[in-house]
Amino acid sequence: MPSLQDPLLVYSDLDGTLLDIHTYSWEPAAGWLETLQDNQIPVILCSSKTAAEMLAIQSDLGLDGLPFIAENGAVIQLDVRWDDHPDAPRLINGTPHTEIVNIINQLRSRDGYKFTSFDDVDVRVIGEWTGLNNERAALAQLHEASATLIWRDSDEKMAEFEAALVQLGLKFVQGARFWHILDARGGKDQAINWLNAQYLQREGTLPTTLGLGDGPNDAPLLDSVDFAVVVKGINRHGIQLKKESPERVYHTQQPGPAGWREGLDHFIGS
């Protein structure tokens, strides 16, 4: 079991996990965030959000300067102390946002797929979709290596669309609320493995890893860590993990930040 006394990394999803899916509050998790900070245990945020959003949320949570994983792994922000790293401050994985948007718009024009992307609407609409204020909604549009959309077509058309994306080296990922498209070479799992390697190289030891997530796009995150917390979520399909053992995986009774707290209580509460 993980311990506060041992080298430990905590990888956490945001919406529906550390943040309440409706209010974006993290209050129930505040005590644990403080405890982890006191014990110099990094909390590495891992989300579909843009890097601009993640920097603002890091500041809200008192996690400034730590690494984070944005856009489902397509973007990795390095630890502020690693300014000698060739990829500092931020590593972009694969196909840039503008190219992805061009591809999906061409597919929509050619095959008539029905979806609305964050690039199709203004800040006001994104605010209505997400409940974010205008300032934060504007940050949600600043994609660097992915695209976010609402799917408005049939399951059959979705399967066609996904197959077309795969042919073009992209993947289609379901989040808690939206769908995301990114380079097939990116992903939360690849990003976690890359960051783990950086910690191993710099610290001389690989810390124990604990991950928390609530949506289908968190499965790669939770399959990549030593201990996994599946936070109760709103997605009807739940999360399918490759390594589902009770010693490694805990399913919370509570959603959002209360579930986040419950998961940490379970694994390192004692």
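This section reports on the structure supplied with the text. From a predicted model like this one, the values you see are computed outputs, not experimental measurements.

## A few points about the overall build of the protein chain
Each helix and strand counted, the protein chain has nine helices and twelve strands in total. Expected size for 270 residues packed as a compact globule is a radius of gyration near 18 Å; at 18 Å, the protein chain falls within 12% of this value. Across its three principal directions, the C-alpha atoms of the protein chain cover 55 × 45 × 35 Å. For the protein chain, the accessible area works out to roughly 12000 Å², and carbon and sulfur atoms hold 48% of it. Counting 21 positive and 39 negative side-chain charges, the protein chain places the centres of these two groups 5 Å from one another.

## Looking at the sheet that holds strand β4 (residues 75-77)
On the basis of which strands lie adjacent, the open sheet formed by eight strands has the order β5-β4-β3-β2-β1-β10-β11-β12 and mixed pairing. The open sheet is flanked by β5 (90-92) and β12 (249-255), the only strands paired with a single partner. Recorded for the sheet is a direction-independent mean angle of 15 degrees between the axes of neighbouring strands. The sheet contact formed by strand β1 (residues 8-12) and strand β10 (residues 208-213) spans five bridges and is parallel. Its bridge partner lying in β10, Y11 is registered against G211.

## Quick word on unusual backbone geometry
Of note, the amide linkage connecting A88 to P89 takes the cis form, showing an omega dihedral of 0 degrees. Structurally, P89 is set in the loop between β4 and β5. In this model, Q40 sits at a positive phi of 55 degrees, which is unusual for a non-glycine residue. Considering the arrangement of structural elements, one finds Q40 in the loop between α1 (30-38) and β2 (43-46). Classification of Q40 as exposed rests on a relative accessible area of 72%.

## A few points about helix α4 (residues 123-130)
Residues of α4 that are buried: V125, I126, G127 and T130. A side-chain oxygen of the first residue of α4 lies 3.2 Å from the backbone nitrogen of R124; this N-cap is D122. Where α4 ends, the next residue or the one after it, G131, has phi of about 80 degrees, a positive value.

## Regarding the environment of D20
Take D20: it is sitting in the loop between β1 and α1. Separated by 237 residues in the primary sequence, D20 and P257 have C-alpha atoms spaced 6.1 Å apart. Beyond its immediate stretch of four places on either side in the chain, D20 contacts S25 and P257. A distance of 2.9 Å separates the side chain of D20 from the backbone nitrogen of T23, its partner in a polar contact.

## Side note on the packing of aromatic side chains
Geometrically, a pair of aromatic rings is defined through the distance of the ring centres and the angle of the planes. Per the counting criterion, the structure on display carries 13 aromatic pairs. Residues F118 and W129 carry aromatic rings whose centres are separated by 5.7 Å and whose planes lie at 45 degrees to one another, so their mutual orientation is tilted. Of the two residues, F118 sits in the loop between β6 (115-117) and α4 while W129 sits in helix α4, which places them eleven residues apart along the sequence. The exposure class assigned to F118 is buried, which follows from its relative accessible area of 5%. Judged by its relative accessible area of 22%, W129 is partly exposed. Each ring, one from W151 and one from F172, has its centre 6.0 Å from the other, and the planes form 70 degrees; the classification is edge-to-face.

## Quick notes on helix α6 (residues 155-167)
Its 13 residues give α6 an end-to-end C-alpha distance of 19 Å, which sits within 8% of 18 Å, the value for a rise of 1.5 Å per residue. Among the residues of α6, those classed as buried are M158, F161, A164 and L165. The arc enclosing the buried residues of α6, seen along the axis, measures out at 125 degrees, which places them on a common side. Facing away from the buried side of α6 by over 90 degrees, the exposed positions are D155, E156, V166 and Q167. Check the buried side of α6 and you find it contacts α3 (97-111), β6, β7 (146-151), β8 (170-174) and β9 (179-183). Following α6 by one or two positions, G169 adopts a phi angle in the positive range, close to 80 degrees.

Quick notes on the rules
- Per-chain numbering applies: the sequence of each chain, read as written, is numbered from 1 onward.
- Local features in this predicted model are restricted to residues of pLDDT 70 or higher, and side-chain atom pairs are both shown and tallied only at a pLDDT of 80 or more, whereas totals for entire chains, interfaces and linings draw on every residue.
- Only hydrogens and water are set aside when side-chain values are computed; all heavy atoms of the structure are taken into account.
- Secondary structure follows DSSP: runs of H or I at least 4 residues long count as helices, runs of E at least 2 residues long count as strands, and numbering of each begins at the N terminus.
- What the globule rule says is 2.2 Å times the number of residues to the power 0.38, and the radius of gyration is computed from C-alpha atoms.
- All accessibility values rest on the Shrake-Rupley procedure with a 1.4 Å probe; residue burial counts only the protein chains present in the view.
- The charge count includes Lys and Arg as positive and Asp and Glu as negative, but it does not include His or the ends of the chains.
- For this purpose, a charge sits on NZ of Lys, CZ of Arg, CG of Asp or CD of Glu.
- A pair of strands is considered paired only if DSSP assigns at least 2 bridges between the two.
- The axes are straight lines fitted to the C-alpha atoms, using for helices just the contacting stretch, and the angles between their N-to-C directions are given from 0 to 180°.
- Three exposure classes are used, based on accessible area relative to the maximum for each residue type with a 1.4 Å probe and protein chains only: buried under 20%, partly exposed in between, and exposed over 50%.
- Residues adjacent in sequence count toward polar contacts only when both atoms are side-chain atoms; beyond that, a polar contact is any pair of N or O atoms within 3.5 Å, and within protein one must be able to donate a hydrogen and the other to accept it.
- The contact definition used throughout considers only heavy atoms, calling two residues in contact when any of these lie within 4.5 Å.
- Whether two aromatic rings pair depends on their centres lying within 6.5 Å, for rings of Phe, Tyr and Trp, where Trp uses its six-membered ring; planes under 30 degrees apart make the pair stacked, over 60 edge-to-face, and the rest tilted.
- To estimate the expected span of a helix, subtract one from its residue number and multiply by 1.5 Å.
- As used here, the arc belongs to the directions running from the helix axis to the C-beta atoms.

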